[in-house]
Amino acid sequence: MNHLNHVAIIMDGNGRWGLKHKNSRNAGHKAGLKSVDAIIRESVKNKIKYLTLFAFSTENWKRPKKEINYLFNLLEIFLKDKINALNKQNIKLKIIGIKNFSSRLNKLLVKCENKTKKNKQLQINLALNYGSKSELLNAFKKFRKSKKKLNEENFQNYLQTKDIPDPDILIRTGNTQRLSNFLLWQIAYSEIFFEKKLWPDFNKKDYNRIIKKFKSIKRNFGNV
Ligand code: IPE
Ligand code: IPE
Ligand code: MG
């Protein structure tokens, strides 16, 4: 049986859910938070050590300003509301991506990271303003200056996911089969699950079904 250490999720389908149920994309973003709560809870129950959630990509800045503002406002409320409870559950929050938001949000993110940095139960990597190509380019630039020997191990130290093992599972909800510039290096050997359900409809039963399936997969890593 495979050991499950790290799950990464592309939480897609909020906009479509919102339009379908409430005639508003933003309502879908709000509804998606319930799934976030449920998946964090189930991750702890399943003793998963790393949960990486794609919340905002470097490409998502192309969206209408109103939607972007709504998303970051929601994030702020979510963090203020939950950070103490997460901390009490021994959960660590880490942001991957470039923190170039309002100074208020940047400060809040750093505060949440600092408050929870010693926690050990589960590490949540929240991917915010994250893009894999930009992460790789920045890593190459820094690596070049280091004059170190180029190998996988040395290079990985320059990624934002330094010290985080690669995901065992990648889940994308929302009935779309693409990676959208997420963790391209890190998912080289992840088991990928494309889910039809939109993110706000994705629940603990769906999650546990994937976990169960993962445990029984024969992972070869090139071997036989
Ligand atoms: C994913 O849901 C959440 C973010 C990108 C912030 P979408 O907003 O992409 O939802 P759809 O794909 O348009 O339904
Ligand atoms: C990927 O979803 C990003 C997040 C879930 C945060 P998108 O909805 O932005 O992806 P594309 O643009 O449809 O590929
Ligand atoms: Mg989408």
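Up top you'll find the structure we're talking about.
Reference entry: report on the structure contained in this document. Everything numeric in this text was worked out from a predicted model, so none of it was measured.

What counts as what
Residues numbered from 1 in each chain as written. Chains lettered and ligands numbered in written order. Predicted model: local features only at pLDDT ≥ 70, side-chain atom pairs only at ≥ 80, totals over all residues. Heavy atoms only, no water. Helix = DSSP H or I, 4+ residues; strand = E, 2+ residues; numbered from the N terminus. Expected span 1.5 Å × (residues − 1). Buried < 20%, exposed > 50% of the residue type's maximum accessible area, 1.4 Å probe, protein only. Arc of directions from axis to C-beta. Polar contact = N/O pair within 3.5 Å; in protein donor to acceptor, adjacent residues only side chain to side chain. Core = buried A, V, L, I, M, F, W, Y, C linked by side-chain atoms within 4.5 Å. Contact = heavy atoms within 4.5 Å. Near = heavy atom within 4 Å. Nonpolar A, V, L, I, M, F, W, Y, C, P; charged D, E, K, R; others polar. Pairing = 2+ DSSP bridges. Axes fitted to C-alpha atoms, helices over the stretch in contact; angles between N-to-C directions. Areas by Shrake-Rupley, 256 points an atom, 1.4 Å probe, with all protein chains shown as cover. Patch = residues over 30% accessible without salt bridge, like charges linked within 9 Å, V, L, I, M, F, W, Y side chains within 5 Å. Salt bridge = Lys/Arg side-chain N within 4 Å of Asp/Glu carboxyl O. Lys, Arg positive; Asp, Glu negative; His and termini not counted. Charge placed at Lys NZ, Arg CZ, Asp CG, Glu CD.

**Focus: helix α7 (residues 204-216)**
Taking 1.5 Å of rise per residue, 13 residues should cover 18 Å, and α7 covers 19 Å from first to last C-alpha, within 8% of that figure. Within α7 the residues assigned to the buried category are Asp206, Tyr207, Ile210, Ile211 and Phe214. Looking down the long axis of α7, one finds its buried residues gathered within 135 degrees of arc, a one-sided arrangement. Of the residues in α7, the exposed ones pointing more than 90 degrees away from the buried face are Lys205, Lys212 and Ser216. The N-capping residue of α7, defined by a side-chain oxygen 3.0 Å from the backbone nitrogen of lysine 205, is asparagine 203.

**Structural notes on the nonpolar core**
Membership of the largest hydrophobic core comes to 40 residues, with the highest contact counts inside it found for Val7, Ile9, Leu51, Leu128, Ile171 and Tyr207. Considering each element in turn, this core owes the most residues, eight residues, to helix α3 (residues 65-88). Contacts of valine 7, omitting those with residues within four sequence positions, involve Ile48, Tyr50, Leu51, Thr52, Ile169, Ile171 and Tyr207. Grouped together as the second largest cluster of nonpolar side chains are ten residues, Ala127, Phe182, Leu183 and Ile187 included.

**Let's talk about the site of ligand 1**
Taken together, Met11, Asp12, Gly13, Asn14, Gly15, Arg16, Arg25, His29, Ala55, Asn60, Arg63 and Leu71 form the complete shell of residues around ligand 1. At 2.9 Å, a side-chain N or O of arginine 25 approaches an oxygen atom of ligand 1. In the environment of ligand 1, an oxygen atom lies 2.7 Å from a nitrogen or oxygen atom belonging to the side chain of arginine 63. With three residues, the single largest contributor to the shell around ligand 1 is helix α1 (residues 14-22). Looking at the shell around ligand 1 residue by residue, the classes come out as three nonpolar, five polar and four charged.

**Quick look at the sheet that holds strand β6 (residues 191-194)**
Strands sit in the order β3-β4-β2-β1-β5-β6 across an open sheet of six strands; the sheet is parallel. Each end of this open sheet is capped by a strand with a single partner; those strands are β3 (91-96) and β6. Averaged over neighbouring strand pairs, the angle between their axes works out to 20 degrees when direction is ignored. Sheet analysis places strand β2 (residues 50-57) next to strand β4 (residues 122-130), joined by seven bridges and oriented parallel. Bridging from a neighbouring strand, serine 57 pairs with tyrosine 130 of β4.

**Observations concerning the pairing of β2**
A regular strand carries its side chains on alternate faces of the sheet. The buried count for β2 comes to seven of eight residues, which makes it a mostly enclosed element. As paired strands, strand β1 (residues 6-10) and β2 are joined by five bridges and run parallel to one another. Considered in β2, the bridge of isoleucine 9 is made with leucine 53.

**Here's the deal with the site of ligand 2**
Every residue close to ligand 2 is listed here: Ile10, Met11, Asp12, Phe54, Ala55, Phe56, Asn60, Arg63, Arg172, Arg178 and Ser180. Here arginine 178 contributes a side-chain N or O atom positioned 2.7 Å from an oxygen atom of ligand 2. Relative to its unbound accessible surface of 390 Å², ligand 2 loses 78% to contact with the protein. In terms of residue count, β2 provides more of the shell around ligand 2 than any other element does, three residues in total. A breakdown of the residues in the shell around ligand 2 according to their chemical character gives five nonpolar, two polar and four charged.

**Observations regarding a positive patch on the surface**
Side chains of Lys141, Lys142, Arg144 and Lys145 sit close together on the surface and give a patch of like positive charge. Structurally, lysine 142 can be placed in helix α5 (residues 132-146). Look at lysine 142 and you get exposed, because its relative accessible area is 51%.

Note that every value here comes from positions in space, so none of it alone points to a role or purpose.
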